[in-house]
Amino acid sequence: MEITYAAKKQKSAKKSKLFRKDGIKLLLMALPFVAIAFAFSYVPLFGWIYAFFDYRPGIPLSRSEFIGLENFAAMLTDPRMGPVLINTLALSLLSIATAPIPMLFAIMVSEVKNEWFKRIVQTTSTLPHYISWIIVYSLAFSMFSTEGAVNGILFKLGLSDTPVNVLGNYERVWTVQTLLLLWKGVGWSAIIYLAAIVSIDSEQYDAARVDGAGRLRTIWHITLPSIMPTFIVLLLLSISNLLSAGFEQYLVFSNVMVADRIEVLDLYVYRLGLVTGDYSYSTAVGIFKSVISIILLFSVNFMSKKIRGQGIV
């Protein structure tokens, strides 16, 4: 009995030692990524101090006038803040409204039985994610500008006498940008749902087929409920990033006809800081966005705990 206990204790000690070694290896592997996150996400937070000074380039911060919360108070009277916030919220809400599409796309792909066709669909749908927004703009301009391919085809077929300016349509710019964002990201977003579908126990589908359930019923009663927690988590994270509508997309697609409709908060901060040189005020606007995003994150986390009994952070 004592020998058995000693052997078990020795075996347990060896396992714990092995786990410690593995833990140290994993920690060392993660350190470069932690350092990168710290360097690019936390070190820049020291720059928030510029929001409390009347900073001008070339003048040391120590010699700049301390103005306290004046830049934050100026946001209340800034005539551009209202339209910018409306644009940001509208584009973010449209993006959230299209959130179920990648999930439905993933379900459709998972139901394809032909493996080579499935791989082709996954590859072609994921490829746009790796294309920069500059290239996307070039493709969109060559197709949808007044002298682009689409208008040329419409003219030749006699379907239109006047060119359709899709990229300069002030009334439809939110829809156009949402569709472009969806085209670029639907395949990439579907990967998460495909991983969730693969993890579903196949015995559930076998039992459903034995009970006479068809394809639509198995999707409705097995696939959808199984991936719904993943959808809810991603949806809540999207809500927490409500003020982060994007930057590169609206920067490259901005023109004189639609600039007022797609100037989102990130683009507004960029113009304030790097174009007009108002670093102090742009920093204050950036702090405002970060604080609101943190409040939204903890709010949706609280809602998740109340509704699902489990938080997202």
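Residues numbered from 1 in each chain as written. Predicted model: local features only at pLDDT ≥ 70, side-chain atom pairs only at ≥ 80, totals over all residues. Heavy atoms only, no water.

## A short note on the overall build of the protein chain
Here comes step 1: When you go through the protein chain residue by residue, the secondary structure sums to 13 helices and 2 strands.
Here comes step 2: Taken against the 2.2 N^0.38 rule, which gives 20 Å for 313 residues, the C-alpha radius of gyration of the protein chain at 26 Å runs more than 25% over that of a compact globule.
Here comes step 3: Principal-axis analysis of the C-alpha atoms gives the protein chain an extent of 80 × 70 × 35 Å.
Here comes step 4: A burial count over the protein chain gives 32% of its 313 residues as buried. (Helix = DSSP H or I, 4+ residues; strand = E, 2+ residues; numbered from the N terminus. Rg over C-alpha atoms; globule rule 2.2 N^0.38 Å. Buried < 20%, exposed > 50% of the residue type's maximum accessible area, 1.4 Å probe, protein only.)

## Thoughts on the layout of surface pockets
Here comes step 1: Approximately 890 Å³ is the volume found for the largest pocket.
Here comes step 2: What lines the largest pocket is a set of 33 residues, and nearest its centre among them are Ser95, Ile96, Leu181, Ser189 and Ser238.
Here comes step 3: Going through the elements one at a time, α3 (81-97), α8 (173-198), α10 (215-240) and α11 (248-252) are the ones with two or more residues in the lining of the largest pocket.
Here comes step 4: At 10 residues, the largest contribution of residues to the lining of the largest pocket is made by α8.
Here comes step 5: Residue composition of the lining of the largest pocket, by class: 19 nonpolar, 12 polar and 2 charged.
Here comes step 6: Space inside the second largest pocket adds up to approximately 380 Å³.
Here comes step 7: Looking at the second largest pocket, it is lined by 18 residues, and the ones nearest its centre are Ser110, Glu111, Lys113, Ile197 and Tyr205.
Here comes step 8: Class assignment of the residues belonging to the lining of the second largest pocket gives a composition of 7 nonpolar, 6 polar and 5 charged. (1 Å grid on protein atoms, 1.4 Å probe; cavity = no way out; pocket = protein on both sides within 12 Å on 5 of 7 lines; lining within 4 Å. Points joined across faces, edges and corners; volume = space filled by probe spheres on them. Nonpolar A, V, L, I, M, F, W, Y, C, P; charged D, E, K, R; others polar.)

## Observations concerning α3
Here comes step 1: An ideal rise of 1.5 Å per residue puts 24 Å on 17 residues; α3 measures up with 24 Å between its terminal C-alpha atoms.
Here comes step 2: Turning to α3, its buried residues are Met81, Val84, Asn87, Thr88, Ala90, Leu91, Ser92 and Ile96. (Expected span 1.5 Å × (residues − 1).)

## With respect to helix α12 (residues 265-275)
Here comes step 1: Within the sequence span of α12, burial applies to Leu265, Asp266, Leu267, Tyr268, Leu272 and Gly273.
Here comes step 2: Residues of α12 that are buried make contact with α3, α11 and α13 (279-308). (Contact = heavy atoms within 4.5 Å.)

## Notes on the nonpolar core
A general trend in soluble globular proteins is that nonpolar side chains are found buried together.
Here comes step 1: With 18 residues, the main nonpolar core has Met103, Ala106, Ile107 and Ile227 as its most contacted residues.
Here comes step 2: Secondary-structure elements contributing two or more residues to this core are α4 (100-110), α8, α9 (202-210) and α10.
Here comes step 3: For Ile227, the residues in contact, after removing those within four places along its chain, are Met103, Ile107, Tyr193, Ala196, Ile197 and Ile200. (Core = buried A, V, L, I, M, F, W, Y, C linked by side-chain atoms within 4.5 Å.)

## Section: a nonpolar patch on the surface
Here comes step 1: A contiguous nonpolar patch, built from Phe38, Tyr42, Val43, Leu45 and Phe46 and spanning about 540 Å² of accessible area, is present on the exposed surface.
Here comes step 2: Structurally, Phe38 is set in helix α1 (residues 2-42). (Patch = residues over 30% accessible without salt bridge, like charges linked within 9 Å, V, L, I, M, F, W, Y side chains within 5 Å. Areas by Shrake-Rupley, 256 points an atom, 1.4 Å probe, with all protein chains shown as cover. Salt bridge = Lys/Arg side-chain N within 4 Å of Asp/Glu carboxyl O.)

## Here's the deal with the pattern of salt bridges
Where charged atoms from two side chains of opposite charge approach closely, those side chains can pair.
Here comes step 1: All told, the structure shown has 7 salt bridges when counted by the stated rule.
Here comes step 2: Close ionic contact of Arg80 with Glu263 constitutes a salt bridge, the shortest N to O distance being 2.6 Å. Pair noted here: Arg80 is in the loop between α2 (70-77) and α3 and Glu263 is in the loop between α11 and α12, with a separation of 183 residues, a long-range link.
Here comes step 3: Beyond isolated ion pairs, a larger network of salt bridges with shared partners links Arg80, Glu263 and Arg271.

## Quick look at the side chain of Glu111
Here comes step 1: With respect to the helices, strands and loops of the structure, Glu111 is situated in the loop between α4 and α5 (115-126).
Here comes step 2: Classification of Glu111 as buried rests on a relative accessible area of 15%.
Here comes step 3: What Glu111 contacts, discounting residues up to four positions off in sequence, is Arg215 and Ile219.

## Structural notes on the packing of α8 against α10
Helix-helix packing is described using two parameters, namely the angle between the two axes and the distance between the axes.
Here comes step 1: Remark: α8 packs on α10, axes separated minimally by 9 Å, with the N-to-C direction vectors making an angle of 140°. One finds that α8 runs oblique with respect to α10. Crossing of α8 against α10: the hand is right-handed. Across from Ile192, Tyr193, Ala196 and Ile197 in α8, the residues of α10 making contact are Thr223, Ile227, Thr230, Phe231 and Leu234.
Here comes step 2: Grouping the amino acids of the contact of α8 with α10 by side-chain chemistry returns 7 nonpolar, 2 polar and no charged. (Axes fitted to C-alpha atoms, helices over the stretch in contact; angles between N-to-C directions. Parallel < 35°, antiparallel > 145°, perpendicular 65-115°, else oblique. Left-handed = near helix turned anticlockwise from the far one by under 90°.)

## Some words on the packing of aromatic side chains
Here comes step 1: A full pass over the atoms with the stated rule returns 11 aromatic pairs.
Here comes step 2: Ring geometry for Tyr55 and Tyr279: centres 6.2 Å apart, planes at 65°, overall edge-to-face. Taken as a pair, Tyr55 in the loop between β1 (53-54) and β2 (65-66) and Tyr279 in helix α13 lie far apart in primary sequence, 224 residues in all.
Here comes step 3: Residue class for Tyr55 comes out buried when judged on its relative accessible area of 17%.
Here comes step 4: A centroid spacing of 5.7 Å and a plane angle of 85° characterise the contact between Tyr130 and Trp188, whose relative ring orientation is edge-to-face. Placement of Tyr130 in the loop between α5 and α6 (133-144) and of Trp188 in helix α8 is noted, with a sequence separation of 58 residues between them.
Here comes step 5: Assessed through its relative accessible area of 57%, Tyr130 is described here as exposed.
Here comes step 6: Feature note: the residues Trp133, Tyr137, Phe141 and Phe253 constitute an aromatic cluster, connected by ring pairs.
Here comes step 7: Residue placement shows Arg261 over the ring face of Tyr170; its charged tip is 5.1 Å from the ring centre. (Phe/Tyr/Trp six-rings, centres within 6.5 Å; stacked < 30°, edge-to-face > 60°. Lys NZ or Arg CZ within 6 Å of the ring centre and 35° of its normal.)

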